[in-house]
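Remarks on the overall topology
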Amino acid sequence: MLPAISRRPQIEPDGHFSDLPSILRRVYTRRDISNTKEIDHSLARLLPPDKLLNIQAGIELIYYCMREHRRILIIGDFDADGATSTALFMRVLRSYGMTDVSYLTPNRFEFGYGLTPEIVTVAAAYEPALIITVDNGISSVAGVAAARAKGINVLVTDHHLPGEVLPQANAIINPNQPHDEFSSKHLAGVGVVFYVISALRARLRACGWFQQQGITEPSLAQFLDIVAVGTVADVVKLDYNNRILVDQGLRRIRAGKCCAGITAILAVAGKNTSTVASSDLGFIIGPRLNAAGRLQDISLGIECLLTDDNTRAIELAKQLNDLNQARKHIEQDMQMQATHILKSDQYTAAQRHQFGISLYHPQWHQGVIGILAARIKEKLHRPTIIFARLNADELKGSARSITGLHIRDALALIATRHPGIINTFGGHAMAAGLCIRAQQYQNFADVFNQTIKELALPEQLQAVLFSDGELIDSELSLETAEILLHAAPWGQGFPEPVFDGIFTVNRYRIISQRHLKLNVTPVNGKRKIDAIAFNVDRYEWNENLPKVRIAYQLTINEYAGIQSPQLNVRYLAPVNA
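So, here is what we can say about the structure in this document.

Turning our eyes to something else, we now look at the overall build of the protein. Secondary structure summary: the protein contains 18 helices and 17 strands in total. Here the protein has a C-alpha radius of gyration of 24 Å; the compact-globule value for 577 residues is 25 Å, and the two agree. For the protein, the residues scored as buried account for 53% of the 577 residues in total. Look at the contacts in the protein between residues 6 or more apart in sequence, and 67% of them connect residues 24 or more apart. Looking at charge distribution, the protein has the averaged site of its 58 positive side-chain charges lying 3 Å from that of its 56 negative ones.

The structure is reproduced here in structure tokens:
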């Protein structure tokens with residue numbers, strides 16, 4: 001389904017942006033940026049941690065363990081946000097002089113998500129005084145109860161939306177919990193951890209901890225590369241506060257001041273750190289960390305982020321890269337199977353998938369269903385849930401939604417109206433997870449479709465690609481691409497600039513059997529420029545098209561040490577003569 005292209009309204013920049021390049025003035029005003037303060041990404045403009053509910057109670061739990069030499073065990077999630085959250089806590093606590101701290105990550109295939117009673121049983125063998133959850137825990141009612149019953153204190157740090165019942169932890173730090181007054185509700189799990197360690201550092205400073213231990217107080221800026229990766233990879237909204245965190249992390253990476261693991265992952269992927277963009281955190285580093293959790297064990301990614309040994313980091317990065325390649329092959333097979341299902345008579349004849357799509361195949365890999373859900377959602381622009389078999393009786397589903405439709409709220413509505421149809425669920429606006437009984441699949445598919453039909457507005461079901469307009473010949477340059485690269489951390493809720501126009505096709509070729517490489521010229525210009533469209537259906541590409549309409553991002557392509565501007569194609573359609 002090709003999206004409709006809608007150009008953002010032309011807004012005349014005011015005098016506040018007079019010192020900025022014209023392209024930035026246009027882009028910023030179209031994103032409701034009205035003054036230069038909103039593009040000031042200095043750390044001094046970060047929100048303070050004091051408005052986070054229970055922040056003081058949480059850091060006192062940690063300080064007690066540090067002071068009394070009691071063991072802390074961190075339990076994370078098995079995705080990139082969980083890996084970065086775990087690594088950040090481990091690195092910082094060690095830099096604070098905490099020696100008895102370790103981590104445990106549940107294998108998704110054995111224990112499932114979060115602090116479950118089963119993982120608590122494993123954790124108890126470590127004999128911790130305190131369990132800290134990162135990027136999970138807000139829905140772990142039974143797991144927290146199990147830990148407390150064993151005499152283990154629990155600090156929950158999370159960012160996911162809470163359910164009706166909160167776990168009875170010693171303290172919960174989550175900007176989305178009831179009565180929390182922290183104004184940025186979009187922190188990733190790693191962002192919550194950053195605020196906890198920031199408040200903890202202030203507490204340690206106040207009591208003279210660093211002097212007593214003979215430790216130089218660490219600068220938290222050195223850890224922002226990890227914060228940036230987790231924030232972008234988890235696709236949280238890049239509000240102003242998150243943009244500060246990500247921009248500061250990107251600056252460190254581009255300056256070559258990031259941890260050995262991030263440097264190694266980028267090197268193995270063939271990416272020059274000096275030109276790293278926020279999209280590279282989401283499309284290069286994030287998938288490689290996620291691949292460990294999807295196919296094997298996320299601890300591989302955590303160890304890559306923890307090591308300071310460059311040789312060891314390269315070894316781990318290569319393993320992560322191999323896992324990511326394996327994940328791609330599995331994903332491609334699953335996409336082919338999904339396409340077959342979508343085109344089958346049985347599927348098209350059923351009326352249960354017009355608004356909300358549910359797909360299941362008994363051979364699908366449960367570690368990859370989230371990626372497949374995202375791919376189908378992007379292609380068909382419908383809320384999508386992909387199911388895989390969890391065990392003999394249950395299916396595990398991963399959901400992805402479209403803008404404006406809150407998928408967790410949709411699942412909550414289904415659970416309320418149809419008790420027993422969903423065993424468990426959790427998540428946030430754009431992504432969620434759930435488990436259902438296998439025998440309920442067809443019933444659930446019908447109910448999900450009907451619920452989305454009820455909740456979704458017609459305009460929400462039409463994909464729209466917003467464009468910042470047309471670039472003239474002189475703007476299709478390396479200089480413009482560099483300006484855009486360093487302008488801001490683009491991402492969810494603060495989209496990277498997209499431009500559109502009509503181009504003459506000078507030449508083209510298919511590369512790697514599925515990518516379309518073009519050389520084009522604007523119809524109203526003379527400059528020739530390369531363009532690339534990823535994952536094009538070669539059988540749908542009409543090689544006799546002299547002109548095409550392209551929506552694109554202007555990026556920097558580097559080959560053999562030479563940089564040049566390139567159009568990364570987001571939309572490609574023929575132009576009738």
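Let us look at the pairing of strand β4 (residues 130–134). Of all 5 residues in β4, 5 are buried; the element is thus mostly enclosed. Bridging between strand β2 (residues 72–75) and β4 involves 4 bridges; their strand directions are parallel. Within the sheet, the bridge partner assigned to I72 lies in β4 and is L130. Chirality of the crossover, the property in question, places the unit of β4, helix α5 (residues 141–149) and strand β5 (residues 153–157) among those that are right-handed.

Moving on, we get to the pattern of salt bridges. Enumeration according to the criterion identifies 20 salt bridges in this entry. A salt bridge links R67 to E68; its shortest N-O distance comes to 3.2 Å. By relative accessible area, which is 38% here, E68 ends up partly exposed. When salt bridges that share partners are traced, they join R7, E470, D500 and R549 into one network.

A word on the pairing of strand β8 (residues 384–389). The buried fraction of β8 is high, at 5 of 6 residues. Sheet analysis places strand β7 (residues 357–360) next to β8, joined by 4 bridges and oriented parallel. Across the sheet, residue Y360 finds its bridge partner in β8, namely F387. Taken together, β7, helix α15 (residues 369–380) and β8 constitute a β-α-β crossover, and its handedness is right-handed.

Our focus in this paragraph is α15. For α15, with 12 residues, the first-to-last C-alpha span of 16 Å sits near the 16 Å given by 1.5 Å per residue. All of the buried residues in α15 are I369, G370, I371, L372, A373, A374, I376 and K377. On its buried face, α15 is in contact with α11 (278–295), α13 (310–343), β7, β8 and β9 (394–400). Positive backbone phi, at 50°, marks H381, one or two positions downstream of α15.

With a phi angle near 60°, D135 is a residue other than glycine that sits in the positive phi range. Mapped onto the elements, D135 comes out in the loop between β4 and α5. Look at H179: it is not a glycine, yet its phi comes out positive at around 70°. Mapped onto the fold, H179 is located in the loop between β6 (171–173) and α6 (189–206). In this structure H179 comes out as exposed when scored by relative accessible area, which is 74%.

By the element assignment, I11 lies in the loop between β1 (4–7) and α1 (22–29). Assessed through its relative accessible area of 35%, I11 is described here as partly exposed. Through-space distance from the C-alpha of I11 to that of T29 is 6.3 Å; in sequence the pair is 18 residues apart. The residues contacting I11, other than those within four sequence positions of it, are T29 and R30.

The rules behind each value
- Residues numbered from 1 in each chain as written.
- Predicted model: local features only at pLDDT ≥ 70, side-chain atom pairs only at ≥ 80, totals over all residues.
- Heavy atoms only, no water.
- Helix = DSSP H or I, 4+ residues; strand = E, 2+ residues; numbered from the N terminus.
- Rg over C-alpha atoms; globule rule 2.2 N^0.38 Å.
- Buried < 20%, exposed > 50% of the residue type's maximum accessible area, 1.4 Å probe, protein only.
- Contact = heavy atoms within 4.5 Å.
- Lys, Arg positive; Asp, Glu negative; His and termini not counted.
- Charge placed at Lys NZ, Arg CZ, Asp CG, Glu CD.
- Pairing = 2+ DSSP bridges.
- Right-handed = clockwise from strand over helix to strand, strands pointing away.
- Salt bridge = Lys/Arg side-chain N within 4 Å of Asp/Glu carboxyl O.
- Expected span 1.5 Å × (residues − 1).

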